[in-house]
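Descriptive structure summary
Residues per chain, in single letters:
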Amino acid sequence: MQQTWRWFGPNDGVSIDDMLQAGVEGVVSALHHIPSGQLWSPKEIGLRQTQIATRRDGSPSGLAWDVVESLPVSEDIKKQQGPWRDHIDAYRASMRNLAEAGIKVICYNFMPVLDWTRTDLAWRVGHGGTAMRFDLYDFAAFDIHILGRKRAADDFPEGVAAEAETRFAAMSQARRDALMGNIIFGLPGAAEGFTLEDVRAHLAEYADIPADTLRKHLVDFLTEVAPEAERLGLRLCCHPDDPPFPLMGLPRVMSTEADYRMILDAVDLPANGVTLCSGSLGARPDNDLPGMMERLGDRVHFLHLRNVKRDSDTTPCSFFEAEHLGGDTDMVALVKAVLVEEKRRRDMGRVDCSIPFRPDHGQDILDDLSRKPQPGYPAIGRLKGLAELRGVMTALEHGADR
């Protein structure tokens with residue numbers, strides 16, 4: 001298992017030097033400043049590679065850009081509107097440039113409008129640190145009363161809308177503003193950010209795109225790009241929906257094992273694969289993460305190892321980002337399944353026998369609380385998670401040797 005960390009570029013509060021001290025073996029990054037649908041040029045790719053390969057003092061870091069997360073799929077591609085075919089051409093050209101630069105793994109997602117969604121980016125946990133949280137009632141308050149989506153209350157389980165109304169009435173304007181900002185929060189340095197009006201406009205454009213249509217558009221996208229990835233020796237891997245259930249009336253088509261099996265069978269090429277995110281998928285009690293690794297492992301090209309603690313065993317539900325060994329997913333069983341798959345690949349002689357993973361997200365603890373890092377990506381919280389995962393890996397590997 002190749003140990004990696006996500007890096008958002010030179011403006012990231014966690015530096016290449018920090019990652020070296022954490023002992024990571026590779027870097028996950030992207031060119032967030034380039035708008036979706038636009039070409040990633042060799043020049044821009046090379047610049048990011050140089051930044052990763054260089055420490056603060058100018059000496060070599062020994063690290064390389066190993067995984068792209070993400071090469072974004074434009075909204076036009078998802079909707080098959082506007083210049084979506086031009087965007088497909090740019091995607092294939094960007095893949096060729098990445099392959100030429102020696103980068104082999106490309107993560108992407110097919111979530112409409114918003115990427116991962118949280119209602120609180122610094123929710124206080126019992127030990128005094130903070131974690132990201134998705135609260136279903138707060139989200140309903142946003143959807144019904146701030147966004148003002150028509151018939152939004154009908155999309156929530158019984159009783160949720162009433163509690164959301166009570167919460168909204170008790171919120172200060174500052175809390176309402178913070179809730180809105182948290183939900184439409186973007187990645188640092190991203191070329192695209194959303195306002196509330198932007199979200200409303202996108203929702204209107206998705207009004208006539210049900211889940212089956214979006215699923216077809218995903219298969220169409222993969223039919224266009226996966227053969228090129230196969231030819232280039234690339235591994236594409238789709239990240240699941242986060243959270244893995246519909247939001248704001250938008251379809252979600254990558255939330256379960258059945259969703260993954262559908263796209264893997266529809267475009268049955270080794271290059272068409274999975275980003276197995278135990279945190280995103282773990283927000284659903286019906287997702288068996290160790291079992292998914294066993295059954296889909298042949299096509300798992302990238303791993304996000306994190307844990308969430310659900311408030312209930314219903315779907316949808318509220319949850320928060322737990323410690324890596326402290327949530328509802330049996331992380332030991334999941335890592336064991338990964339190691340079994342890696343051994344199978346070694347025995348077959350596969351070149352991708354070491355699956356890259358990163359300790360996804362992390363709680364803000366100790367100095368993270370004063371450094372104010374990118375939400376979900378603190379230095380110390382992720383280091384703690386990586387250390388815990390290393391311990392699990394080492395124990396399982398030593399046990400297998402006996």
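None of the values given here were measured: they were computed from a predicted structure. (Residues numbered from 1 in each chain as written. Predicted model: local features only at pLDDT ≥ 70, side-chain atom pairs only at ≥ 80, totals over all residues. Heavy atoms only, no water.)

Notes on the packing of helix α5 (residues 136-146) against helix α7 (residues 173-183)
Across the interface, α5 lies against α7 with an axial gap of 10 Å and an inter-helix angle of 100°. The angle between α5 and α7 places the two elements in the roughly perpendicular class. Along its contact with α5, which presents D138, F139, F142 and I146, the element α7 presents R175, R176, L179, M180 and I183. Classifying every residue of the contact of α5 with α7 gives 6 nonpolar, no polar and 3 charged. (Axes fitted to C-alpha atoms, helices over the stretch in contact; angles between N-to-C directions. Helix = DSSP H or I, 4+ residues; strand = E, 2+ residues; numbered from the N terminus. Parallel < 35°, antiparallel > 145°, perpendicular 65-115°, else oblique. Contact = heavy atoms within 4.5 Å. Nonpolar A, V, L, I, M, F, W, Y, C, P; charged D, E, K, R; others polar.)

Considerations on the pairing of strand β2 (residues 26-29)
In β2, alternate side chains face the same way, and those of G26 and V28 on one face and V27 and S29 on the other are all buried. Examined bridge by bridge, strand β1 (residues 2-6) and β2 share 3 bridges and lie parallel to one another. Directly across from R6, in β2, lies its bridge partner V28. Note on the crossover from β1 through helix α1 (residues 16-22) to β2: the handedness is right-handed. Two elements, β2 and strand β3 (residues 65-69), share 3 bridges in a ladder whose sense is parallel. Note that in β3 the partner of S29 across the bridge is V68. With helix α2 (residues 42-52) bridging β2 and its parallel neighbour β3, the resulting β-α-β unit is right-handed. (Buried < 20%, exposed > 50% of the residue type's maximum accessible area, 1.4 Å probe, protein only. Pairing = 2+ DSSP bridges. Right-handed = clockwise from strand over helix to strand, strands pointing away.)

Notes on the packing of aromatic side chains
What the rule picks out here adds up to 11 aromatic pairs. Consider the rings of W123 and F320, whose centres lie 5.1 Å apart with planes at 45°: the pair is tilted. Taken together, the residues span a long stretch of sequence, with W123 in strand β5 (residues 120-124) and F320 in strand β11 (residues 319-322) at a distance of 197 residues. Aromatic rings pair up to connect F134, F139, F142, F156, F245 and F319 into one cluster. Sitting above the plane of the F168 ring, R176 keeps its charged end 3.8 Å from the centroid. Across from the ring centre of W5, 4.3 Å away, lies the NZ or CZ of R382, which sits over that ring. (Phe/Tyr/Trp six-rings, centres within 6.5 Å; stacked < 30°, edge-to-face > 60°. Lys NZ or Arg CZ within 6 Å of the ring centre and 35° of its normal.)

Remarks on the layout of surface pockets
Of the pockets and cavities examined, the second largest pocket occupies roughly 390 Å³. Forming the walls of the second largest pocket are 19 residues, and the residues nearest its centre are R149, L203, A207, M248 and G249. Among the elements that take part in the lining of the second largest pocket, helix α8 (residues 196-205) stands out by supplying 3 residues, more than any other. Here the residues of the lining of the second largest pocket sort into 11 nonpolar, 2 polar and 6 charged. (1 Å grid on protein atoms, 1.4 Å probe; cavity = no way out; pocket = protein on both sides within 12 Å on 5 of 7 lines; lining within 4 Å. Points joined across faces, edges and corners; volume = space filled by probe spheres on them.)

Section: helix α13 (residues 331-348)
For α13, built from 18 residues, the straight-helix expectation of 26 Å at 1.5 Å per residue is met to within 8% by its first-to-last C-alpha distance of 26 Å. Buried within α13 are the following residues: M331, L334, V335, A337, V338, L339, E341, E342 and R345. With a side-chain oxygen positioned 3.3 Å from the backbone nitrogen of V332, the residue opening α13 is D330. Positive phi shows up at G349, right after α13, with a value of about 80°. (Expected span 1.5 Å × (residues − 1). Polar contact = N/O pair within 3.5 Å; in protein donor to acceptor, adjacent residues only side chain to side chain.)

Distances and angles like these do not, on their own, reveal function.
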